[in-house]
Amino acid sequence: MSIRARRTPFKLRKLLVIDDDTKLLASYRDLLSPYGFEVLTAPDGSDAVPIVEQNPDILLVILDLAMPRMDGREWLRWFRRTHKESPVIVISAYKLETTEPELRPAAVLEKPFHVAELLDLVGLFCGLGTPAQEARA
């Protein structure tokens, strides 16, 4: 009889990045994908709404404040109606000063920021090991 170890299927953890800068969206994907994340992206809050509705297993949102159509503040108000406890990292060149509880993110990074700061926060909220190898065995 041959005994083989059972492998659990590899499941990507989902993050959502909302930013109107397409180069930044690609950078986030390139940075976080090797750590086992499926990085979903949206160029503004309006496009992010259906992504959230279709992906209830999103672990973390990285959100820019200044965007066309639905900005970060408006999107965060919408998001907090149904996802009160989900962590949101706001990344912006603008100060986020608010007394509204629904606008309080889990963390704020001011642009420019160091990549290590973002990785520390992602690790805090989602766990972050070493980057996965290109070829999985």
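Cut-offs used in this document
Residues numbered from 1 in each chain as written. Predicted model: local features only at pLDDT ≥ 70, side-chain atom pairs only at ≥ 80, totals over all residues. Heavy atoms only, no water. 1 Å grid on protein atoms, 1.4 Å probe; cavity = no way out; pocket = protein on both sides within 12 Å on 5 of 7 lines; lining within 4 Å. Points joined across faces, edges and corners; volume = space filled by probe spheres on them. Phe/Tyr/Trp six-rings, centres within 6.5 Å; stacked < 30°, edge-to-face > 60°. Helix = DSSP H or I, 4+ residues; strand = E, 2+ residues; numbered from the N terminus. Buried < 20%, exposed > 50% of the residue type's maximum accessible area, 1.4 Å probe, protein only. Salt bridge = Lys/Arg side-chain N within 4 Å of Asp/Glu carboxyl O. Pairing = 2+ DSSP bridges. Right-handed = clockwise from strand over helix to strand, strands pointing away.

Participant: Sorry, what's going on with empty space enclosed by the protein here?
Facilitator: It is a probe the size of a water molecule, rolled over the atoms, that shows where empty space is left. The tally for this structure, following the rule as stated, stands at one cavity of 30 Å³ or more. Taken as a whole, the largest cavity encloses approximately 40 Å³ of empty space. As for the largest cavity, its lining consists of Val52, Asn55, Pro56, Ile58, Phe79, His83 and Ser86.

Participant: Help me out: how do you make sense of the packing of aromatic side chains in this one?
Facilitator: For any pair of aromatic rings, the description consists of the separation of the ring centres together with the inter-plane angle of the planes. Inspection of every chain in the model, using the stated rule, returns three aromatic pairs. Each ring, one from Trp75 and one from Trp78, has its centre 5.9 Å from the other, and the planes form 45°; the classification is tilted. One end of the pair is Trp75 and the other is Trp78, both in helix α3 (residues 72-82) and three residues apart, which spans about a single turn. Relative to Phe79, the ring of Trp75 lies with its centre 4.6 Å away and its plane at 15°, an arrangement referred to as stacked. Placement of both Trp75 and Phe79 in helix α3 is noted, with a separation of four residues, approximately one turn of the helix. Since its relative accessible area comes to 0%, Trp75 is described here as buried. With a relative accessible area of 3%, Phe79 lands in the buried category.

Participant: Sorry if this is basic, but what is going on with the pattern of salt bridges here?
Facilitator: Working definition: two side chains of opposite charge can pair if their charged atoms are close together. Evaluated as defined, the whole model comprises five salt bridges. Here Lys111 ties to Asp64 by a salt bridge, and the two come within 3.7 Å at their closest N and O atoms. Placement of Lys111 in the loop between β5 (107-110) and α4 (115-126) and of Asp64 in strand β3 (residues 58-64) is noted, with a sequence separation of 47 residues between them. Residues joined in a network through salt bridges with shared partners are Asp19, Asp64 and Lys111.

Participant: Sorry if this is basic, but what is going on with the pairing of strand β2 (residues 37-42) here?
Facilitator: Here is the key point about a regular strand: its side chains alternate between the two faces of the sheet. For strand β1 (residues 13-18) and β2, the ladder comprises six bridges, and the chain directions are parallel. Its bridge partner lying in β2, Ile18 is registered against Ala42. What joins β1 to β2 is helix α1 (residues 22-32), and the crossover it makes is right-handed.

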